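# Per-entry structural report
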Amino acid sequence: MKKNRSFLEFFARSSFPAVLGLLLVGAAVQFLLFKGAFTPENMAYEVFAESRIAFVFYVVFLLITAALSLPGCGFTSRVSYTIKRLGVNETHVFLLQALYNFMVYVIVMAAEVFTVLGLIAYYKASAPPDFWGPQEVLLTFYRDPFLHGLLPLADWTRGLINLAVMLLLSLTAAAFPVTQRRGKRFPAILPAVLWTVLFFSQQIEYGYRGTLLLSGVVIAALVALSQVFSKEVSYDG
């Protein structure tokens, strides 16, 4: 238990300050873009579409994924030294880092939801009263593909897919340092992030598109797991 806590604390010290900084900068940029796109004659979902805040989120998400992928790499000597000093096997380190990554992604998604709610509050305070109804928040999330993907509300299937995508990215980001310590690169991390951008940038409907999305998530996760468990390495000496 003490070793587990030591690794989780180490991953947090290595990446969470960068994650927090990126979230704060991203929220500030999104507010400026939303404020610049605001006009009294536009509905809330129209302002969201014109502000291009989704692009800011994609960039921040990509940079956060990079920050989560670096701890444990061979070129970060402090992490490699900690792994060797604590004397645990590589699979255990991978699972701990994947758990930490998943918690960070949940925080990132929640932070973006609160940022969007803050922008909606700004719109409500600035727009004409007849542009705002009691159902406007729900309608805004349903009308904008990015917002609906971010917070699916009653679409529980989409919510489960969101969790699957975050689990996939958690695995791929944790697998990168494992394969890097073995002298390789883990190519699935880039398509995994690009898949996420595609996932949030369009309205996923029921049918073959949703099936393809779930299949892609499962396949990528299986590839990540096969890369990690194909060779066991122990750092006990």
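Preceding this paragraph is the structure being described.
Presented here is an overview of the structure given in this document. For clarity, every value in this text was computed on a predicted model and none was experimentally measured.

Reading the values: the criteria
Residues numbered from 1 in each chain as written. Predicted model: local features only at pLDDT ≥ 70, side-chain atom pairs only at ≥ 80, totals over all residues. Heavy atoms only, no water. Phe/Tyr/Trp six-rings, centres within 6.5 Å; stacked < 30°, edge-to-face > 60°. Helix = DSSP H or I, 4+ residues; strand = E, 2+ residues; numbered from the N terminus. Buried < 20%, exposed > 50% of the residue type's maximum accessible area, 1.4 Å probe, protein only. Expected span 1.5 Å × (residues − 1). Axes fitted to C-alpha atoms, helices over the stretch in contact; angles between N-to-C directions. Parallel < 35°, antiparallel > 145°, perpendicular 65-115°, else oblique. Left-handed = near helix turned anticlockwise from the far one by under 90°. Contact = heavy atoms within 4.5 Å. Nonpolar A, V, L, I, M, F, W, Y, C, P; charged D, E, K, R; others polar. Patch = residues over 30% accessible without salt bridge, like charges linked within 9 Å, V, L, I, M, F, W, Y side chains within 5 Å. Areas by Shrake-Rupley, 256 points an atom, 1.4 Å probe, with all protein chains shown as cover. Salt bridge = Lys/Arg side-chain N within 4 Å of Asp/Glu carboxyl O. Arc of directions from axis to C-beta.

### What to know about the packing of aromatic side chains
- If you walk through the whole model with that rule in mind, you get eleven aromatic pairs.
- When the ring of F57 is compared with that of F146, the centres are 5.5 Å apart and the planes differ by 55°; the resulting orientation is tilted. Taken together, the residues span a long stretch of sequence, with F57 in helix α3 (residues 53-69) and F146 in helix α7 (residues 145-150) at a distance of 89 residues. Just as F57 is buried, F146 falls in that class too.
- Put simply, the rings of F31, F34, F38, F48, Y122 and Y123 pair up and form one aromatic cluster.

### Some words on α3
- With 17 residues, α3 extends 25 Å between its outermost C-alpha atoms, agreeing within 8% with the 24 Å of an ideal straight helix rising 1.5 Å per residue.
- If you check which residues of α3 are buried, you get I53, A54, V56, F57, Y58, V60, F61, I64, T65, A67, L68 and S69.

### Regarding the packing of helix α2 (residues 44-51) against helix α6 (residues 136-143)
- Close contact between α2 and α6 brings their axes to 8 Å; oriented N to C, the two are set at 40°. When the axis of α2 is compared with that of α6, the two are oblique. Handedness of the crossing formed by α2 with α6: right-handed. Only E136, T140 and R143 of α6 make contact with α2, whose side of the interface consists of A44, Y45 and F48.
- Class assignment for the residues of the contact of α2 with α6 results in three nonpolar, one polar and two charged.

### Thoughts on a nonpolar patch on the surface
- On the surface, V25, V29 and L33 cluster together into a nonpolar patch covering about 220 Å² of accessible area.
- With respect to the secondary-structure elements, V29 resides in helix α1 (residues 2-37).
- Exposure remark for V29: the relative accessible area of 35% places this residue in the partly exposed category.

### Regarding the environment of L151
- If you trace the backbone, L151 turns up in the loop between α7 and α8 (156-181).
- Between the C-alpha atom of L151 and that of V113, which follows or precedes it by 38 residues, the distance is 7.2 Å.
- When residues no more than four places from it in sequence are discounted, the contact partners of L151 are V113 and F141.

### Here we look at α6
- Those residues of α6 that fall on the buried side of the exposure criterion are E136, T140 and F141. One side of α6 holds all its buried residues, which, seen down the axis, span an arc of 135°.

### Description of unusual backbone geometry
- Phi at R52 takes a positive value of approximately 60°, unusual for a residue other than glycine.
- In this fold, R52 is placed in the loop between α2 and α3.
- Judged by relative accessible area, which is 54%, R52 ranks as exposed.

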